[in-house]
Amino acid sequence: MHVGAYEGLPKVYTFIWFMYFDKLERYNDAEQCFRQIINNDPDNAEHYNGLAVFLTKQNKIEEAVSVYKKSIPIDPDYFELLNNLADALQKKGWFRGGQ
């Protein structure tokens with residue numbers, strides 16, 4: 001799926017893509033879409049978060065953790081991303097929150 005036509009549109013479109021793929025459980029398509037979006041806009045942590053969420057849904061946890069870590073310097077205060085990273089680490093057994 002090509003997303004180049006949506007380049008530069010408000011971030012609400014990223015959210016719409018996210019919800020569309022999630023609802024239909026088209027996680028591989030979502031992964032490819034977010035990779036294209038990141039290629040066009042590599043300095044947006046929300047895009048990396050979207051990619052990593054869908055990697056996690058495909059049980060590609062180690063790759064998701066790598067993507068989350070790569071995006072932290074872009075926006076170190078992005079709480080949702082940090083929370084999702086903790087969830088991915090916990091799924092892998094690398095983090096036990098609150099213990």
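Residues numbered from 1 in each chain as written. Predicted model: local features only at pLDDT ≥ 70, side-chain atom pairs only at ≥ 80, totals over all residues. Heavy atoms only, no water.

1. A word on the pattern of salt bridges
A complete count under the given rule lists 4 salt bridges for this structure. A salt bridge links Arg35 to Glu31, with the shortest nitrogen-to-oxygen separation between them at 3.0 Å. Of this pair, Arg35 and Glu31 both sit in helix 2 (residues 27–40), 4 residues apart, which is roughly one turn of that helix. Since its relative accessible area comes to 31%, Arg35 is described here as partly exposed. Salt bridges sharing common partners tie together Glu31, Arg35, Lys60 and Glu63. (Salt bridge = Lys/Arg side-chain N within 4 Å of Asp/Glu carboxyl O. Helix = DSSP H or I, 4+ residues; strand = E, 2+ residues; numbered from the N terminus. Buried < 20%, exposed > 50% of the residue type's maximum accessible area, 1.4 Å probe, protein only.)

2. With respect to the environment of Arg26
One can find Arg26 in the loop between helix 1 (12–24) and helix 2. Taking the C-alpha atoms as reference, Arg26 lies 9.8 Å from Gln58; in sequence the two are 32 residues apart.

3. Section: the side chain of Thr56
Locating Thr56 in the fold gives a position in helix 3 (residues 45–57). When its relative accessible area of 14% is taken as the criterion, Thr56 is described as buried.

4. Observations concerning the packing of aromatic side chains
For the coordinates displayed, the defined rule picks out 2 aromatic pairs. Their ring planes at 35° and their centres at 6.0 Å tell us that Tyr27 and Phe54 sit as a pair that is tilted. You can see Tyr27 sitting in helix 2 and its partner Phe54 sitting in helix 3, a full 27 residues away along the chain. An identical accessibility class is assigned to Tyr27 and Phe54; each is buried. In textbook terms, an aromatic cluster arises when at least three aromatic residues are bridged by ring pairs, as seen for Tyr27, Phe34 and Phe54. (Phe/Tyr/Trp six-rings, centres within 6.5 Å; stacked < 30°, edge-to-face > 60°.)

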